[in-house]
Amino acid sequence: MKKIIAAVLCLVLVLACVGMTSCKSAAEKQSVDAIKKAGVLTMYTNAEFPPFEYMKGTEVKGVDVDIAQAIADKLGVELEIKNVKFDTIIGSIQSGKGSIGAAGITVTEERKESVDFSIEYTTSKQYIIVPTDSTVAKIEDLAGMKIGVQLGTTGDFIITDEINGYESDGEQQKGVLQDTGASVVTYNSAADAAIALNSGKIGAVVIDKLPAEIVAGNYDNLKAIELVYADGSNTEESYAICVAKGNESLLKVINEVIEELKASGKIDEFIITHTGAAS
């Protein structure tokens, strides 16, 4: 009887594995060998973040697309692009649905808990989009305002922390916008947030530098300024490509490609080209 039960349990486990996409780890599903066997490198992105990714007709274009294409070329495979909501990218890579996440993703300690990151390929800062006649000069000046952000981005995290307070070194800290009446309003893109700002529904938008400058440039009555604090500090951050935890083989190739692109000046060239194209 025990042998029969054991056999049944083994069969159930086998059928469970067959019913799932794979019993392999996410890193195994998207290893270099697996990618070459499938002939496809799958990039998860959010084409709402120019110049790093944006729509040109029906195609996704941008700096991250060019970098991903260079990685695919290095591997000798096709590049497949999945355009999804930004806040779903990390989870998709963590689960092995995609090979890489490339969407102007800022490296943070929290994200490192879910995925591994490549070396950085560029840096950025947070910017504030406000009406041209606004007197806002620093983040503290956003007190009492409705502030638009793109869901899941660094701007979202910073504004939410400054409104609700945050933990630092094990102690709860008061945010610079806490108890001022300020509130955060999330959107799927900076462009959507800018539409709301232009119509007077919100008072400001916080997003990364280049997207902020491109989006504000589409309006005669909006401007983009660097987000700084009253003490003069800013929000410098680094962008990198993410892979599933433990996917060392793919990370090695990605780092090699980024090093080559940086050394040749190609990444700077991509940024200049796509900033012009997306404006």
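Tracing the backbone shows S92 in helix α5 (residues 89-94). Overall, the relative accessible area of 7% leaves S92 in the buried class. Aside from chain neighbours lying at most four places away, what touches S92 is Y44, K97 and G98.

What follows is about the packing of helix α4 (residues 63-75) against helix α11 (residues 266-278). To describe two helices that pack against each other, one gives the angle between their axes and the distance between the axes. The contact between α4 and α11 brings their axes to 9 Å, and the two run at 140°. By the criterion of interaxial angle, the relationship of α4 to α11 is oblique. Here α4 and α11 pass one another in a crossing that is right-handed. Counted together, V63, D66 and I67 of α4 and I267, F270, I271 and H274 of α11 form the full contact between these two elements. For the contact of α4 with α11, the residue count by class is 5 nonpolar, 1 polar and 1 charged.

This brings us to α4. Here α4 is 13 residues long and its end C-alpha atoms lie 19 Å apart, about the 18 Å a rise of 1.5 Å per residue gives. Considered for burial, the residues of α4 that qualify are V63, D64, V65, I67, A68, I71, A72 and L75. G76 occupies a position one or two residues after α4 and carries a positive phi of about 75°.

This part takes up the confidence of the model for the protein chain. Averaged over every residue, the pLDDT of the protein chain is 92; the share at 70 or more is 92%. A low-confidence stretch, residues 1-22 (pLDDT under 50), is modelled with 2 contacts involving residues beyond four sequence positions or located in other chains.

Applying the stated criterion across every chain, the model contains 12 salt bridges. A salt bridge links K209 to E213, with the shortest nitrogen-to-oxygen separation between them at 3.2 Å. In this pair, K209 and E213 both sit in helix α9 (residues 209-216), 4 residues apart, roughly one turn of the helix. For K209, a relative accessible area of 28% translates into the label partly exposed.

A complete count under the given rule lists 4 aromatic pairs for this structure. Ring centres of Y121 and Y239 lie 6.4 Å apart, and the angle between their planes is 55°; on these two criteria the pair is classed as tilted. Of this pair, Y121 sits in the loop between β7 (115-117) and β8 (122-124) while Y239 is found in strand β16 (residues 237-239), placing the two residues 118 residues apart along the sequence. According to the relative accessible area criterion, Y239 is buried, its value standing at 0%. Taken together through their ring pairs, the aromatic side chains of F49, F52, Y121 and Y239 make up a single cluster.

About the criteria used
- Residues numbered from 1 in each chain as written.
- Predicted model: local features only at pLDDT ≥ 70, side-chain atom pairs only at ≥ 80, totals over all residues.
- Heavy atoms only, no water.
- Helix = DSSP H or I, 4+ residues; strand = E, 2+ residues; numbered from the N terminus.
- Buried < 20%, exposed > 50% of the residue type's maximum accessible area, 1.4 Å probe, protein only.
- Contact = heavy atoms within 4.5 Å.
- Axes fitted to C-alpha atoms, helices over the stretch in contact; angles between N-to-C directions.
- Parallel < 35°, antiparallel > 145°, perpendicular 65-115°, else oblique.
- Left-handed = near helix turned anticlockwise from the far one by under 90°.
- Nonpolar A, V, L, I, M, F, W, Y, C, P; charged D, E, K, R; others polar.
- Expected span 1.5 Å × (residues − 1).
- pLDDT = per-residue confidence, 0-100.
- Salt bridge = Lys/Arg side-chain N within 4 Å of Asp/Glu carboxyl O.
- Phe/Tyr/Trp six-rings, centres within 6.5 Å; stacked < 30°, edge-to-face > 60°.

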